[in-house]
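Letter by letter, the chains look like this.
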Amino acid sequence: MRRPPCRGLRRRLALALAAATVLATAGCGLDSSDSGSSSGEPEHGGSVTILMPGEERGLDPFTASYSSVADSNRLAALYDVLVWTDPSTGGVRPKLAESLVSDQSARIWTLTLRPDVRFSDGSSLDAGTVKANWEAHRDPAVRSLVGGPLRGVLLTEVSTLQLRIELPSSNANFDHTIARNLSFVAPRRLVATADGRYELKHAPVGAGPFKVKSWEPGKELRLERNPQYWQRNRPYLDEVVFRVDKDVEGANKSIRAKRADLTLTIDPQSVAQARADGLVAEDARLNGGLMVAFNVRKGVFQDPAARRAVALALSSAEINRRFYGGRGESARGIFDATSPLANVNLAAPENRPDEARALFAQLTNNGKKPFVFRYLVPDNVKMRGTAEYIRQTLEGYPGVTVIVEVTDMASLVTRLAGSDFDATVCQLWADDVEPTIYQFLYSKAGLSNITGYANDVVDAALEDGRRSTDASSRRDAYTRLQNQVNRDLPFWVYSSAVIGAVHRADLVGIQLFNDGLIHFDAIGRR
């Protein structure tokens with residue numbers, strides 16, 4: 001099949017991938033990879049069971065958690081995507097869309113949809129439908145977690161299949177924002193009104209390769225083949241089952257015992273162990289990582305000295321040794337060392353206990369003034385273990401008390417949105433600065449900026465980086481960002497970001513994109 005043109009502005013983001021994750025895509029139909037253990041043409045038919053650690057916020061595009069290990073892989077199976085980021089190149093490629101292009105100013109973008117794409121209810125995917133979805137995202141009453149980038153954007157239906165997107169300012173990387181935050185689209189009748197969105201929340205409808213067969217929220221989602229899918233010979237599978245299993249540590253064992261077929265993990269030790277056990281594990285390195293994020297809006301961490309003291313007291317190498325069997329990689333900051341956007345000469349401060357002791361002595365008046373904070377973590381074995389290491393280490397300094405609060409993922413997301421924490425573990429998986437890191441750090445990003453961090457130097461660097469597609473120019477901008485963030489420390493990254501798909505050897509066509517999503521039309525059994 002001839003590859004449709006992908007004329008959007010491209011960047012080469014050379015993420016270091018293991019050989020098994022090299023993607024071979026002969027067109028937007030995404031033929032199976034012919035490299036690694038996932039090669040080979042799938043057979044039609046069969047069912048696949050996928051273990052996920054939780055179902056965080058549901059299956060509608062407005063309130064779901066857009067993380068590959070949370071809700072977004074379920075959404076990818078139901079809705080498919082307009083466009084997606086290819087981690088082997090960093091370029092944005094079309095799928096339900098035919099193209100996404102900008103003019104010379106990078107203020108005007110044009111999205112052109114494929115003809116004859118239908119939702120599983122038979123309704124058409126057209127420019128008006130995309131417009132209605134995006135308008136709902138930016139409606140404050142909807143409380144979308146990803147609608148921020150649409151503020152001030154003018155949307156115009158040029159034709160049935162073409163949408164004009166006029167940005168308030170230049171953004172040469174807006175295609176990345178669409179790929180990560182705005183690619184899941186539901187029927188117009190279900191997004192245009194509050195009643196429709198309520199119906200969508202409880203009975204989701206998409207244009208993806210699968211549709212809902214049955215759903216027990218928080219337990220199991222069973223999907224069946226969508227006969228309306230735009231690729232008539234896809235998907236290969238008849239059924240996909242997402243099963244919630246909070247025993248993340250036992251997922252590999254379940255796959256070996258043939259009780260499941262696939263799981264997504266951000267644990268490098270789990271990826272390494274899967275390979276040792278004869279399973280297939282495909283992984284990708286990304287920017288971001290696991291971090292301690294400080295609430296700088298209120299409480300003790302309004303003081304930069306308090307944030308610095310915590311970072312200097314802790315050791316990423318010790319966390320890696322204790323909880324990841326030394327198989328992870330200590331982070332040097334929010335940029336992965338392999339990214340061409342990173343300045344490899346920069347590293348965030350950490351593991352200087354003498355300097356930490358001096359700072360804590362000042363903050364606590366030599367132990368006489370209590371320094372107390374709440375550390376919020378999800379109910380996960382390694383997160384709890386890491387939190388306990390942090391508590392024990394920091395409470396070794398006179399006057400310091402750490403209250404570890406463990407909660408479920410849905411409650412954690414709600415509390416972060418309400419700024420109800422002092423410090424928390426944050427998982428940031430970013431294939432590019434746009435949009436994830438931009439929204440995490442930009443002072444006016446709203447809910448995405450969970451720390452409340454605001455700095456004019458960082459804001460300017462983010463704006464300069466988004467106006468260019470040249471890797472060197474963007475790296476210069478982000479060097480300024482890294483220098484400032486290393487001084488202010490609104491967060492401390494302790495483990496580099498990795499995403500792994502662990503699966504049985506007879507499952508083929510696994511192709512990771514964005515931060516670890518799967519093209520569900522391409523997978524099957526051989």
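This write-up is about the structure you can find in this document.

Reading guide: rules and limits
Residues numbered from 1 in each chain as written. Predicted model: local features only at pLDDT ≥ 70, side-chain atom pairs only at ≥ 80, totals over all residues. Heavy atoms only, no water. Pairing = 2+ DSSP bridges. Helix = DSSP H or I, 4+ residues; strand = E, 2+ residues; numbered from the N terminus. Axes fitted to C-alpha atoms, helices over the stretch in contact; angles between N-to-C directions. Contact = heavy atoms within 4.5 Å. Buried < 20%, exposed > 50% of the residue type's maximum accessible area, 1.4 Å probe, protein only. Polar contact = N/O pair within 3.5 Å; in protein donor to acceptor, adjacent residues only side chain to side chain.

Taken in spatial order, the four strands make up an open sheet running E4-E5-E7-E6, and their pairing is antiparallel. Strand pairing shows two members of the sheet lacking a second neighbour, strand E4 (97–102) and strand E6 (154–159), which therefore form its edges. Pairs of neighbouring strands in the sheet enclose a mean axial angle of 20°, with direction left out of account. Here E6 runs beside strand E7 (residues 162–166); their pairing, made up of five bridges, is antiparallel. When the bridges of E7 are listed, Ser-159 appears paired with Gln-162. Across the sheet, helix H2 (residues 127–137) is in contact with strand E5 (108–113), E6 and E7; its angle to E6 comes to roughly 170°.

By the criterion of burial, strand E10 (residues 239–244) is predominantly enclosed, with five of the six residues buried. Direction of pairing for strand E1 (residues 47–52) relative to E10: parallel, over a ladder of six bridges. Each residue of the ladder has a partner; that of Ile-50, found in E10, is Phe-242. As paired strands, strand E9 (residues 220–225) and E10 are joined by five bridges and run antiparallel to one another. Residue Arg-222 lies in a different strand from E10, and its bridge partner there is Val-241.

Spatially, the 10 strands line up as an open sheet ordered E8-E9-E10-E1-E11-E16-E12-E15-E13-E14, and their pairing is mixed. Edge positions in the sheet fall to strand E8 (210–216) and strand E14 (400–407), since each of these pairs with one other strand and no more. Each strand axis lies, on average, 25° off the axis of its neighbour in the sheet, ignoring direction. Two strands pair when backbone bridges link them, and E1 and strand E11 (residues 262–265) are joined in this way by two bridges, in the parallel orientation. Across the sheet, Leu-51 pairs through a bridge with Thr-263, a residue of E11.

This next bit is on the side chain of Thr-85. Structurally, Thr-85 can be placed in strand E2 (residues 83–85). What makes Thr-85 buried here is its relative accessible area of 1%. There is a polar contact of 3.3 Å between the side chain of Thr-85 and the side chain of Asp-431. If near-sequence neighbours (up to four positions away) are discounted, Thr-85 is found in contact with Gly-90, Gly-91, Val-92, His-176, Ala-179, Asp-431, Phe-513 and Asn-514.

Read these as geometric descriptors, not functional statements.
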